[in-house]
Amino acid sequence: DCGGCSFQHMDYESQLQEKSATTAETISRLAGIVLDNIYEGIVKSPVRFMYRNKMEFSVLGNIEFSPALHRRCRFDNFVATPYCLLPLPEIMELTKTIYERFTKLKLDLGFLPIYIVALRESFATKEIIVNIVVNKNEIDKMGADYSLIEDKIRGVVFENLSGLRNLASGWVTYGRGSSAEGEPHLLWGNETIVESFCGKRFLVGPASFLQVNPYMAEILYRTISEFVGETKVRRLLDLYSGLGVIGIILSAQVDEVVCVESNEESVKLGQKSALLNGCKNVKFICDDVYRALSGSMARNEHFDIVVVDPPRMGIAKKALEKIIKLQPTKIIYISCNPSTMARDIKMLGEHYRLSSLIAFDMFPQTYHIECLGLLEKGS
């Protein structure tokens, strides 16, 4: 009913065939290239259920409260989801306990201003961050005091740790309507948890971006490392770097890594993670990709390899033009949207040829696909 597991009615091999065919058709048609000897097919996920390390649930109910997800094709209607098959099992266990406590919280407050609960788990340590999104409109309507709301959430939900196994920290973010406003702020516990990929450790906060399937993320990152190759690379540029996971993993293969990310909190955590791993050759720039590429980087710096992991809308045309001007030997493109990836590959086609394309089933039971492409200099 929620529309999330749109492929759950299919056996897993059929899911893989559908996604693999979709990837090949989309890239070939929209990029205008023949994929013979280029497309390497789809990599299956080692785990097909209970793999997601992050979930966001809405709150449904009046007296007893249930986790809920958007109803299929609706953004104003929800369906109770007391047990979802996609998140890691510890997330659902903790979610159940938290939602049971909302009944007491409503009795204490007289109303329940909470409308989203986001949970993130470290696959390495099993620690979980809980971020509760509170509706400012509801609080203002009731004339309630914000500090009182926070004290009650802290006391009822977080401080009594009985039954809250693996809880590392509790946060509150304020929002209006269906969106959150501003940064989460800490109510209880530690500011970060630690995740691990490819032997490296990363500090993660409530708003950090990570691949949601840790089983597949490890495989993806090792494949990217193979694309870089064994020959020592002088300089690598990691664009849309987030926490710098890819850049830090690849730092052992290159002389210098420059990570560009516009989110200030991600940059701070990335810098700390680089120090945590002893990666002295990793540098972070906190800026928009286009602005960063328009500055001294575009005029004076050379990079042998550029790694891009853009959001679903792909790379803006003006940013792509700046990447081309850098003239790297290789461009490694990670994408969760084959359509925008194909569009960008087509634009790169005058200067770079797609030499390898791989799909990864990062999101089993759903129609979503993760793609990895290697582009090398030469039309």
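Residues numbered from 1 in each chain as written. Predicted model: local features only at pLDDT ≥ 70, side-chain atom pairs only at ≥ 80, totals over all residues. Heavy atoms only, no water.

Observations concerning the packing of helix 1 (residues 12-31) against helix 11 (residues 338-348)
And then number 1: Interaxial distance between helix 1 and helix 11 falls to 8 Å at its minimum, and their mutual angle equals 35°. The handedness of the crossing between helix 1 and helix 11 is right-handed. Of the residues in helix 11, those touching helix 1 at T26, I27, L30 and A31 are P338, S339, M341, A342, I345 and K346.
And then number 2: Within the contact of helix 1 with helix 11, the residues separate by chemical class into seven nonpolar, two polar and one charged. (Axes fitted to C-alpha atoms, helices over the stretch in contact; angles between N-to-C directions. Helix = DSSP H or I, 4+ residues; strand = E, 2+ residues; numbered from the N terminus. Left-handed = near helix turned anticlockwise from the far one by under 90°. Contact = heavy atoms within 4.5 Å. Nonpolar A, V, L, I, M, F, W, Y, C, P; charged D, E, K, R; others polar.)

Quick notes on the sheet that holds strand 1 (residues 39-43)
And then number 1: Taken together, eight strands build an open sheet; the order of strands is 1-16-17-15-14-11-12-13 and the sheet is mixed. A strand with exactly one partner marks an edge of an open sheet, and here the two such strands are strand 1 and strand 13 (282-286). Geometrically, the sheet is characterised by an average inter-axis angle of 15° between neighbouring strands, direction not taken into account.
And then number 2: Judged from the four bridges that link them, strand 11 (residues 233-239) and strand 14 (residues 305-308) form a sheet pairing that is parallel. Along strand 14, the bridge assignment pairs L239 with V308.
And then number 3: Its contacts with the sheet place helix 7 (residues 264-276) against strand 12 (254-261) and strand 13, and it is angled at close to 170° to strand 13.
And then number 4: Packed on one face of the sheet, helix 10 (residues 317-326) meets strand 11, strand 14 and strand 15 (330-335) and runs near 160° to strand 14. (Pairing = 2+ DSSP bridges.)

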